[in-house]
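If you want the building blocks of each chain, they are given just below.
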Amino acid sequence: ISHAEVNFFPGSQAKKNYLTALQANLFNKIFYLSKQNWPSIISAVGEGLEQKHIQVYLDDPKLFSYLTSANWAGVVPRAAQTVEGENSDFLALVESNNGANKANYYLNRDIKLESAIGKEGEISHILRITYTNNSPSEVFPAGKYRNRFKIFVPLGTKINKASFGESDILTRLTTFSEYGRAGYSVLLEVLPKETKTLVLEYNLSKNLSYKDNKANYKLEVIKQAGTDKDPFEWSMSYPINVKIKDLASEAWTDTQEVTFKTDLQKDKLFLLNFLKQ
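Residues numbered from 1 in each chain as written. Predicted model: local features only at pLDDT ≥ 70, side-chain atom pairs only at ≥ 80, totals over all residues. Heavy atoms only, no water.

(A) Spotlight on the sheet that holds strand S2 (residues 107-117). On the basis of which strands lie adjacent, the open sheet formed by seven strands has the order S6-S5-S9-S3-S2-S11-S14 and mixed pairing. Each edge of the open sheet carries a strand with a single partner, namely strand S6 (167-168) and strand S14 (257-263). Bridging between strand S3 (residues 123-133) and strand S9 (residues 194-203) involves 10 bridges; their strand directions are antiparallel. The residue bridging Thr132 from the neighbouring strand is Thr195, located in S9. (Pairing = 2+ DSSP bridges. Helix = DSSP H or I, 4+ residues; strand = E, 2+ residues; numbered from the N terminus.)

(B) Quick peek at the environment of Ser88. Here Ser88 is to be found in strand S1 (residues 86-97). When the C-alpha positions of Ser88 and Pro154 are compared, they lie 8.3 Å apart, and in sequence the two are 66 residues distant. The contact partners of Ser88, leaving out residues within four places of it in the chain, are Ala80, Pro154 and Lys218. (Contact = heavy atoms within 4.5 Å.)

(C) Looking closely at the pattern of salt bridges. As enumerated under the stated definition, the model contains eight salt bridges in all. Between Arg109 and Asp230 there is a salt bridge; the shortest N-O distance is 2.8 Å. Of this pair, Arg109 sits in strand S2 while Asp230 sits in the loop between strand S10 (214-222) and strand S11 (231-237), and the two are 121 residues apart along the sequence. Classification of Arg109 as buried rests on a relative accessible area of 14%. On the basis of relative accessible area, Asp230 is assigned to the buried category, the value being 11%. When the shortest N-O distance is used, the salt bridge between Glu114 and Arg128 registers 2.8 Å. On the criterion of sequence distance, the pair formed by Glu114 in strand S2 and Arg128 in strand S3 is long-range, its members being 14 residues apart. A single salt-bridge network, built from bridges that share partners, covers Glu95, Arg109 and Asp230. (Salt bridge = Lys/Arg side-chain N within 4 Å of Asp/Glu carboxyl O. Buried < 20%, exposed > 50% of the residue type's maximum accessible area, 1.4 Å probe, protein only.)

(D) The arrangement of the nonpolar core in detail. Ranked by internal contacts, the top residues of the largest apolar core, which has 46 residues, are Leu127, Tyr131, Phe149 and Phe274. Sort the elements by how many residues they give to this core and strand S8 (residues 181-190) lands first, with five residues. Membership of the second largest hydrophobic core comes to five residues, among which are Val76, Ala92, Phe152 and Ile222. (Core = buried A, V, L, I, M, F, W, Y, C linked by side-chain atoms within 4.5 Å.)

(E) Fine view of the packing of aromatic side chains. Taken as a whole and judged by the stated rule, the model has 13 aromatic pairs. A connected cluster of aromatic rings, assembled from ring pairs, spans Tyr217, Phe232, Trp234, Phe260 and Phe270. Here Lys150 stacks its cationic end above the ring of Phe176, 5.5 Å away from the centre of that ring. (Phe/Tyr/Trp six-rings, centres within 6.5 Å; stacked < 30°, edge-to-face > 60°. Lys NZ or Arg CZ within 6 Å of the ring centre and 35° of its normal.)

(F) Structural detail: the pairing of S3. Burial along S3 is one-sided: the face carrying Ile123, His125, Leu127, Ile129, Tyr131 and Asn133 is buried and the face carrying Ser124, Ile126, Arg128, Thr130 and Thr132 is not. When S2 meets S3, the two strands line up antiparallel, connected through 11 bridges. From the neighbouring strand, Lys112 faces S3, where its bridge partner is Arg128. What sits between the antiparallel neighbours S2 and S3 is a turn of five residues, in which Gly121 has the positive phi angle 90°.

(G) Summary view of a nonpolar patch on the surface. A contiguous nonpolar patch, built from Leu26, Phe27, Phe31 and Tyr32 and spanning about 500 Å² of accessible area, is present on the exposed surface. Turning to its location among the elements, Phe31 is positioned in helix H2 (residues 14-31). (Patch = residues over 30% accessible without salt bridge, like charges linked within 9 Å, V, L, I, M, F, W, Y side chains within 5 Å. Areas by Shrake-Rupley, 256 points an atom, 1.4 Å probe, with all protein chains shown as cover.)

(H) Structural context of helix H3 (residues 38-50). For H3, spanning 13 residues, the distance from its first C-alpha to its last is 18 Å, which sits close to the expected 18 Å at 1.5 Å a residue. Residues Ile41, Gly48 and Leu49 constitute the buried set of H3. Along the long axis of H3, the arc covered by the buried residues comes to 95°, so they all point the same way. Pointing more than 90 degrees away from the buried face of H3 are the exposed residues Pro39 and Ser40. Looking at the buried positions of H3, the neighbouring elements they touch are H2. Phi turns positive, to about 65°, at Lys52, one or two residues after H3. (Expected span 1.5 Å × (residues − 1). Arc of directions from axis to C-beta.)

(I) Structural detail: unusual backbone geometry. For the peptide bond that leads from Phe140 to Pro141, omega is 10°, which places it in the cis range. On the secondary structure map, Pro141 appears in the loop between S3 and strand S4 (145-154). For Asn71, which is not glycine, the phi torsion reads 65° and is therefore positive. Residue position: Asn71 is located in the loop between helix H4 (61-69) and S1.

(J) A look at the sheet that holds S1. Taken in spatial order, the eight strands make up an open sheet running S7-S8-S4-S1-S10-S15-S12-S13, and their pairing is mixed. Looking at the sheet topology across the chains shown, the edges are occupied by strand S7 (174-178) and strand S13 (252-253).

Spelled out as structure tokens, the structure:
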């Protein structure tokens, strides 16, 4: 960090030269390793691609299409076409550190999504993201986490309430549309040794779709490239006249709520099957 960042000024070549030299030495070290090390290297590269610590771009359209299909290119997946009885939900969180520091290193992030299906099939969510900035002070590389936060959700989604800590930030949200998704953006700040929670309450524009009283619900949660395995918890509640299929036993149960506790080490895909009585 000291070679790349300290005493940096616009037009300086120090950072570029340092990173170029570091890359050249890294590749030389890898390529001159003995053959017995290559299985471990290939395994590490595979994990890096799957967990989005490594991403690849190619000019060749066909090869890049393959990378995209393998989820190695960092491309946000397009929304699926609407099919009766099929429901596609989507959540992608993107953050940019605008603080000119390395506060990300000191940051802990905990993500919880509470979802509910109403009596008429309406789908609502409450997203809670708790940030803890463990920076010891404002001294570089630590410091304030100045986060340009973006959320991507299905088209037509409306955020009804938004708060950060004790502040109502609904009017500060800006809207946009990219990749066939609706997006919201806001600037957030977490001071050193501070913990703050972002809360977003929103509704999807389309209700749960049934065919022959059955509905298949899919939730895609996209991991941001370069982040660690942030804890992720998702709960889904549903009406008393609806049952859910237990994937292990294939039986229909009426627990009225299911909960998943995992992490975002990589993209997650959740599938739920509902039966309306």
